[in-house]
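Spelled out from the first residue to the last, the chains are:
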Amino acid sequence: MDNGCLIDPFDFDATLLTVNFATRLLAMEMDYHSILDRALEAFCDLGSCRDAAIMNYSGNDSITVVAASIDYDRMFLDEEVPFEGALAEAARTRKPIVMENCTESAFPLPSGKKSASGETTCLCLPLVGSRDLVRGFISLKRESERPWNHCEIFQLGILSTVAAISLENSKLFRLAIEDSLTGLYTRRYLTIRMDDEVTRIRRRGGELSLIMLDLDHFKNINDQYGHSAGDSALEQVADIILENSRRGVDVVCRYGGEEFAVLMPGSNLESARTVADRICQACCSRLIEVPDQMISITVSAGVASLAECEMPVAADLLELSDQRLYKAKQSGRNCTVFAD
């Protein structure tokens, strides 16, 4: 066996369990941002480091850093980096590369220097998915005094393959449950997630709230400005709802027509009411751009929590929030109803 992979049986068993656990977590997840978050955690744990970055590669010399872990603090990004040097070599060879870390970047990136004179080194692994296509890269940084051994690189390579396939699957899954106009989740996915969250709460307890939203006088927009203007308004309102929701936590859906829903795991009624008010105020204060002009638009909201339902049933939560949305429309619109 190569000297770089000599570890005692106990360490090997522990490492095998870690790899197995990490790959199962990645394989079970379907949400794109959750996969990024779990991948960062898994790579940092297995690579015994605090800093990592995940990059998307489109195949046309465009690379974008989409997530990073800086001293265990994980964040989502959208920052382009040049496709050259170590990244180009890793894409061409499909093999991991160890180089000095680029000191000019806030997140781990290979500098292009293979010498070990720097204080930190960067391990760059290509994310090779189906049809042997490179879908991106994962880069890990740690001190030069702790060089990467063959066994670590091999284990991290296994994890990188699982991460690449999981990211591919999440994109395919998203296409199946994504509204083509707004990019939000569909009503069908909301039903699935509500059932899952209610089942989880029955077993472990917790909070769950739902906001139902409806654009006021939306028919007038279609009639006065045309359906393309209506579509534009729906897209911009969807963006406002996303901006005022918790990314990677709340489930934002286009329920149908001009109606939206925000499912909020871990949130009580008061927290959900605050978010609903914020969304209503943001819509009211922002002009919506339609062809050749700007218009104002308002939304009405109905808010309910699972704790208010006699039985923890998803259908009851949906019905209660929908009833309150109807009351908001009856009460003059552009308001939030959160109690009977």
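Here the structure is shown first, and the text comes after it.
Please read these numbers as outputs of a predicted model, since none were measured by experiment.

A.B. asks: What am I meant to see in unusual backbone geometry here?
C.D. replies: For Arg333, which is not a glycine, the phi torsion comes out positive at approximately 70°. Tracing the chain through its elements places Arg333 in the loop between helix H9 (314–330) and strand E13 (336–337). The exposure class of Arg333 is partly exposed, given its relative accessible area of 30%.

A.B. asks: Could you clarify how one ought to interpret the state of the cysteines in this entry?
C.D. replies: Linking two cysteines covalently through their sulfur atoms gives a disulfide. Per the stated rule, a full pass over the model turns up zero disulfides. Left without a disulfide partner, Cys280 is nearest to the cysteine sulfur of Cys283, which lies 6.9 Å away. Take Cys280: its relative accessible area is 5%, and that puts it in the buried class. Free cysteine Cys284: the closest other cysteine sulfur is in Cys283, separated by 8.7 Å. What makes Cys284 partly exposed here is its relative accessible area of 39%.

A.B. asks: Explain the packing of aromatic side chains to me, please; I cannot follow it from the model alone.
C.D. replies: To describe a pair of aromatic rings, one takes the distance between the centres and the angle between the planes. A complete count under the given rule lists four aromatic pairs for this structure. Here the aromatic rings of Tyr57 and Phe137 are separated by 5.9 Å at their centres, their planes lie at 50°, and the arrangement is tilted. Of this pair, Tyr57 sits in strand E1 (residues 51–57) while Phe137 sits in strand E6 (residues 134–143), and the two are 80 residues apart along the sequence. For Phe137, a relative accessible area of 0% gives the class buried. Taken together, the aromatic side chains of Tyr57, Phe83 and Phe137 make up a single cluster linked through ring pairs. Sitting above the plane of the Trp148 ring, Arg142 keeps its charged end 3.9 Å from the centroid. One residue, Arg174, lies across the ring of Tyr185, its end atom 4.1 Å from the ring centre.

Calculation criteria
Residues numbered from 1 in each chain as written. Predicted model: local features only at pLDDT ≥ 70, side-chain atom pairs only at ≥ 80, totals over all residues. Heavy atoms only, no water. Helix = DSSP H or I, 4+ residues; strand = E, 2+ residues; numbered from the N terminus. Buried < 20%, exposed > 50% of the residue type's maximum accessible area, 1.4 Å probe, protein only. Disulfide = S-S within 2.5 Å. Phe/Tyr/Trp six-rings, centres within 6.5 Å; stacked < 30°, edge-to-face > 60°. Lys NZ or Arg CZ within 6 Å of the ring centre and 35° of its normal.

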